[in-house]
Amino acid sequence: MDGRGALALLGAALALAACGGAPPPGSSSGEDGAAAGGPPAAFDRAAVPAGLDVLLITIDTLRHDALGYAAGHDATPTIDRLAAGGRVFTNAHAHNVVTLPSHANVLTGLYPYQHGVRENSGFELPPAVPTLATVLGDAGYRTAAVVGAFPLDARYGLDRGFELYDDHYPKGSHASDFVMAERRGDEVVERGLAWWRRHAGDRRFLWLHLYDPHAPYEPPEPFASRYPGDPYRGEVAAVDGFLAPLLEPLLDGREEPTLVVLTADHGEAFGDHGELTHGLFAYEATLKVPLVIWGPGIAAGEDRRPVGHVDLMPTVLDVLGLAPPAELPGRSLLSGRLGRRELYFEALSAYLNRGWAPLYGVLRGADKLIDLPLPELYDLVADPAELDNRIERERRLARRLRDAVPAAARQVTNRRTISEEEAAHLRSLGYLSGDAPRRDSFTAADDPKNLLAVDRKIHQVVLLYGQRRLAEAERLGREIVRQQPRMTRGYTLLSEVLREAGKIEAAIAVLRSALASGVRDPSILRQLGLSLAQAGRGREAVELLEPLAADDDLDVLNSLAVAYFASGRPAAARAAVERVLARDEDNPKALETLGAVALQEGRPAEAVRHLERVLALDPNLPISWNSLGVARQLLGDTGGALAAWQKAVELDPDFLDPLYNLGRVAAQAGRPELARSALERYVAIAPPAAADVAVARRILGQLERR
């Protein structure tokens, strides 16, 4: 059987202060002149009622030109209506091009080097950093957030200040899980709207995060049929439809006055400058974002001044007449002038996860510097597509802009080790996390522009993995390891492909080759330990993992529990799992392992309790369904066992253990068609030398003779 099954292994301010000290309105100049969009928007403070509600909407991966008002299509009528009645900032930029740090910028009003969150994994917002939720909570607001996907999980610290932080998307339980750790936007809006209605009459701050436009682009009906050749637009249209029940009452005047801020965390490249999605570069396709601010006292119209996410917190607090935290770099977009200033941005995913050169940059008016080993300088007014690199012609300007990058931004020192669960969740969402060795110097060979071919191969491996085209994924994975022998993520990605293909010994060999090459990252050791356990080499796995468990890393403990289980030490496995559950009572992997341990100890009723609990957290876990089937069968519930195994096979048609279990027990229960279907598939895909293949063939022969 494969290495996953229960029977085989584991399956058994004040206005002036809020303007950041900006001078009062006067004659237009600099970035506030007519060429940059005219003077600041008219803002009638007298029209703002006391206790104004606040609604923040962030839409993941939403390009600046994706909405109808910007692109001239009719796919987003609700948001277009909001834009028509609000202030539209046509030159708004994020400061990061991945989800977690970009949202940290929005919620804190700080740049990433100031709050410390630089990537989607390995960082947590420090408790001492004020957020929009903590400030509004202190001002008497009820606060809630409903988020759509794992990158904004509460573990990363954005939940502070929210009375309700709803991050109840499915939580998978093993490193090869490709169930999307996200939920659809209609569920996000439904939950947020229910909270909004429950707290009518209170001062309310609600943040909704909709993840839908993120790859893969799979819009629901009727949007899939409406946009068959453009699934991304279908996703954007779906988000607009999901938001209608929340926004239309506000737009119709049937709700209490509310300040609405709508933006995106970043855009999507779609091949721009060779980038497939986002996170690698910081060109306008991914850095520029939509921004609409709507509410009482805010004049409708267009504002073309350069603005950033760090301006949002000062703007909200300015409208509410609240003092902002000290030393915010942003300024209110509705009061005073912005002046000539730099907006900082960065893209550090490839640096942190692959060891490639870090990308830093600044915007000053129309000038944009991208600081890499091969630097780039663009005039965004004359060259909005960023095709004319002026770095050789304007070196003095480039040097001034490079000097404007804060020295603190170049210090990235507080990243913790990434857990296997984090890596699995983020990989399922298209984010490849890892731990690359730190370096201080880089050459042109490390510039991501010169590594696009490797980047494409990495994306292709993930795509092929998800499609279960594992032989092709393995071939590309081996090419990546050969081309980037110091990149941890290449080894771990290849080993995951091999494990999924049932080539456990090959996966072990790949991980050992990483260690032999000097790549001794904790994620390599964790995966090696887990692979050894899956190969039945539990004693070796225990010897490798026990020294790592002293720090109480949850993923090490989970892997160690599996190793104990594989080596026939259920009591030690239970103790390791209980250490996990003492810190995270809903940890899916720990609960799943605990169910298997109970089975090994001959306690099927206890196993059922644990497994039903983990499946209540996420019903899309085939290992848990398989183990549940085993437990039910041991309790004499054959019907329940067959149903559980059918669910496991539905979720993973190539999962050998439930196929075998289903076929064998269905034959005994007098359900020959079900048995025949399961066993024929089992025989077709199982390794010929597997011991149970002969049993399956014999049962099939008996079924034919009946």
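Please read these numbers as outputs of a predicted model, since none were measured by experiment. (Residues numbered from 1 in each chain as written. Predicted model: local features only at pLDDT ≥ 70, side-chain atom pairs only at ≥ 80, totals over all residues. Heavy atoms only, no water.)

> Can you walk me through the pairing of strand E14 (residues 367-371) in this structure?
When a strand is regular, its side chains alternate between the sheet's two faces. Burial runs high along E14: five of the five residues are buried. The alternating pattern of E14 places Asp 367, Leu 369 and Asp 371 on one face and Lys 368 and Ile 370 on the opposite face, and all of these are buried. Linking strand E13 (residues 359-364) back to E14 in an antiparallel pair, the connection comprises two residues, with Gly 365 at a positive phi of about 60°. Direction of pairing for E14 relative to strand E15 (residues 376-379): antiparallel, over a ladder of four bridges. Each residue of the ladder has a partner; that of Asp 367, found in E15, is Asp 379. (Buried < 20%, exposed > 50% of the residue type's maximum accessible area, 1.4 Å probe, protein only. Helix = DSSP H or I, 4+ residues; strand = E, 2+ residues; numbered from the N terminus. Pairing = 2+ DSSP bridges.)

> For this particular structure, what's the right way to read the side chain of Arg 676?
Along the chain, the position of Arg 676 falls in helix H28 (residues 672-685). Note on Arg 676: relative accessible area 15%, which makes it buried. When near neighbours in sequence (up to four residues on either side) are disregarded, Arg 676 contacts Leu 700, Leu 703 and Glu 704. (Contact = heavy atoms within 4.5 Å.)

> Help me understand the side chain of Glu 275 in this model?
With respect to the helices and strands, Glu 275 occurs in the loop between strand E7 (258-264) and helix H10 (284-287). No salt bridge is formed by the buried Glu 275; its nearest oppositely charged neighbour, Arg 354, is found at 8.5 Å. At 3.1 Å, the side chain of Glu 275 forms a polar contact with the backbone nitrogen of Gly 279. Apart from the residues within four sequence positions on either side, Glu 275 is in contact with Ala 269, Phe 270, Leu 280, Phe 281, Thr 286 and Leu 452. (Lys, Arg positive; Asp, Glu negative; His and termini not counted. Salt bridge = Lys/Arg side-chain N within 4 Å of Asp/Glu carboxyl O. Polar contact = N/O pair within 3.5 Å; in protein donor to acceptor, adjacent residues only side chain to side chain.)

> What is the right way to read the sheet that holds E13 from this model?
Sheets are built from strands paired through backbone hydrogen bonds, the pairs being either parallel or antiparallel. Strand order in the open sheet made by the four strands is E12-E13-E14-E15, with antiparallel pairing throughout. Across the chains shown, the open sheet's two edge strands, defined by having one partner strand only, are strand E12 (343-347) and E15. Between one strand and the next, the sheet's axes are offset by a mean angle of 15°, whatever the strand orientation. Lying over the sheet, helix H13 (residues 395-403) contacts E13, E14 and E15, oriented at roughly 70° with respect to E14. (Axes fitted to C-alpha atoms, helices over the stretch in contact; angles between N-to-C directions.)

> How should I be thinking about the environment of Pro 101 in this particular structure?
Tracing the backbone shows Pro 101 in helix H4 (residues 99-108). We classify Pro 101 as buried; its relative accessible area is 0%. With 164 residues separating them along the chain, Pro 101 and Asp 265 place their C-alpha atoms 8.8 Å apart. In contact with Pro 101, not counting residues within four places along its chain, are Asn 96, His 115, Val 117, Arg 118, Glu 119 and Asn 120.

> How should I be thinking about the pattern of salt bridges in this particular structure?
Any two side chains of opposite charge can pair, given that their charged atoms come close. Evaluated as defined, the whole model comprises 52 salt bridges. The shortest N-O distance in the salt bridge between Arg 204 and Glu 255 comes to 3.4 Å. Note that Arg 204 is positioned in strand E6 (residues 204-210) and Glu 255 in the loop between helix H9 (231-251) and E7, a separation of 51 residues in sequence. Here Glu 255 falls in the partly exposed class, since its relative accessible area comes to 27%. Three or more residues are tied together by salt bridges with common partners; here these are Asp 166, Arg 183, Glu 187 and Arg 191.

> Is there a simple way to explain the nonpolar core in this structure?
Side chains of nonpolar character tend, in soluble globular proteins, to be buried together. Residues Ile 57, Leu 158, Phe 205, Trp 207, Leu 243 and Leu 291 are the most contacted members of the largest nonpolar core, which totals 140 residues. Considering every element that reaches this core, the biggest residue donor is H9, with eleven residues. Mapped onto the domain boundaries, this core takes at least three residues apiece from domain 1 (52-326) and domain 2 (447-520). Contacts of Phe 205, omitting those with residues within four sequence positions, involve Val 54, Leu 56, Leu 132, Ala 133, Leu 136, Tyr 141, Arg 142, Thr 143, Ala 144, Phe 162 and Trp 195. Residues Ala 533, Tyr 564, Leu 656 and Val 665 belong to the second largest nonpolar core, which totals 80 residues. (Core = buried A, V, L, I, M, F, W, Y, C linked by side-chain atoms within 4.5 Å. Domains from an automatic or database assignment.)

> When you look at the pairing of strand E9 (residues 291-294) in this model, what are you seeing that I'm missing?
Going residue by residue along E9, you find Leu 291 and Ile 293 tucked away on one face and Val 292 and Trp 294 tucked away on the opposite face as well. Pairing analysis gives two bridges linking strand E2 (residues 87-89) to E9, with the strands arranged antiparallel. Within E9, the residue paired with Arg 87 across the bridge is Ile 293.

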